[in-house]
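If you want the building blocks of each chain, they are given just below.
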Amino acid sequence: AYDMPRANKTTADLFEHSCRVDRWKSLDIHFKERKQGHAAIKHISAGSNGEFTSLERLSLELDWDFKTNNSNVEDDSDDDDDDMDDEDLSTNLSESASFLLSTWNLPKVTELVTTNLIPSEIICPNVRTCSITLAQYTETNYWDLQAFEEFLECIPLVETLSLLFVNARSLSGYDPAE
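Keep in mind that what you see is a predicted model, and the values were worked out from it rather than measured. (Residues numbered from 1 in each chain as written. Predicted model: local features only at pLDDT ≥ 70, side-chain atom pairs only at ≥ 80, totals over all residues. Heavy atoms only, no water.)

A surface patch of nonpolar side chains, amounting to about 240 Å² of accessible area, comprises Leu161, Leu163 and Phe165. Following the sequence through the fold, phenylalanine 165 ends up in strand 6 (residues 160-166). We classify phenylalanine 165 as partly exposed; its relative accessible area is 35%. (Patch = residues over 30% accessible without salt bridge, like charges linked within 9 Å, V, L, I, M, F, W, Y side chains within 5 Å. Areas by Shrake-Rupley, 256 points an atom, 1.4 Å probe, with all protein chains shown as cover. Salt bridge = Lys/Arg side-chain N within 4 Å of Asp/Glu carboxyl O. Helix = DSSP H or I, 4+ residues; strand = E, 2+ residues; numbered from the N terminus. Buried < 20%, exposed > 50% of the residue type's maximum accessible area, 1.4 Å probe, protein only.)

Here you go:
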């Protein structure tokens, strides 16, 4: 996937050999299974100490269609996250990945994009534009209204909010009006 001398072909090695995190303006994390998202978040957290002082855009995408259509793709993710099941079409990250993401300092992020997942807590107080897509065309995905409400509280300055829901159902009987 990348060509660097002296580098192995793992996500951790890629982050170790990439440019310094404090120079990143945009970060797009695209994964086909939640455990791969956990691995990416874990490696990025380890390499950055959760400090993203220059980051202006963050995109997190769980691609169920990619998983369905490409099930034989190599997987370099960790199996140490036992609080998730990739057959479960919930839109939440694992508890441990959610915790790591909640420790990230994202002071300059003004644009946040999530696809097929809802981070329950993320510290990016300056987000002005947020796009959330929950779309599964072959099956129904389940989303957690309580996590969604908590997520919206993390982006108090949002001016533009775009929502797309296809085959989205509530994970529980949670009623935000209560």
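And the narrative resumes.
According to the stated counting rule, one finds three aromatic pairs in the structure shown. Measuring from centroid to centroid gives 6.3 Å for tryptophan 24 and phenylalanine 52, while their planes differ by 35 degrees, and the two rings are tilted. Here phenylalanine 52 lies in the loop between helix 2 (34-48) and strand 2 (57-62) and tryptophan 24 lies in the loop between helix 1 (11-17) and strand 1 (26-31), a separation of 28 residues in the sequence. Residue class for tryptophan 24 comes out buried when judged on its relative accessible area of 11%. Judged by its relative accessible area of 0%, phenylalanine 52 falls in the buried class. Between phenylalanine 148 and phenylalanine 165 the ring centres are 6.4 Å apart and the planes differ by 80 degrees, which places this aromatic pair in the edge-to-face class. Residue phenylalanine 148 is located in helix 5 (residues 145-153), and its partner phenylalanine 165 is located in strand 6; the two are separated by 17 residues in the primary sequence. (Phe/Tyr/Trp six-rings, centres within 6.5 Å; stacked < 30°, edge-to-face > 60°.)

Okay, the environment of leucine 62 next. Residue position: leucine 62 is located in strand 2. Note: C-alpha distance between leucine 62 and arginine 34 (28 residues apart in sequence) is 6.9 Å. Not counting the four nearest positions on each side in its chain, leucine 62 is found in contact with Phe31, Lys32, Glu33, Arg34, Thr115, Asn116 and Leu117. (Contact = heavy atoms within 4.5 Å.)

Turning our eyes to something else, we now look at the packing of helix 2 against helix 4 (residues 95-102). Interaxial distance between helix 2 and helix 4 falls to 9 Å at its minimum, and their mutual angle equals 35 degrees. Of the two possible hands of crossing, helix 2 and helix 4 adopt the one that is left-handed. Contact residues: helix 2 offers His38, Ile41, Lys42 and Ser45, while helix 4 offers Ser96, Ala97, Leu100 and Leu101. For the contact of helix 2 with helix 4, a count of residues per class yields four nonpolar, three polar and one charged. (Axes fitted to C-alpha atoms, helices over the stretch in contact; angles between N-to-C directions. Left-handed = near helix turned anticlockwise from the far one by under 90°. Nonpolar A, V, L, I, M, F, W, Y, C, P; charged D, E, K, R; others polar.)

Side chains of nonpolar character tend, in soluble globular proteins, to be buried together. Core analysis: the largest hydrophobic core is formed by 35 residues, its most contacted members being Leu27, Phe52, Leu58, Trp104, Leu106 and Ile122. Mapped onto this core, the elements with two or more residues apiece are strand 1, helix 2, strand 2, helix 4, strand 4 (129-135) and helix 5. Not counting the four nearest positions on each side in its chain, tryptophan 104 is found in contact with Leu27, Ile29, Ile41, Ile44, Ser45, Gly50, Phe52, Leu58 and Ile123. (Core = buried A, V, L, I, M, F, W, Y, C linked by side-chain atoms within 4.5 Å.)

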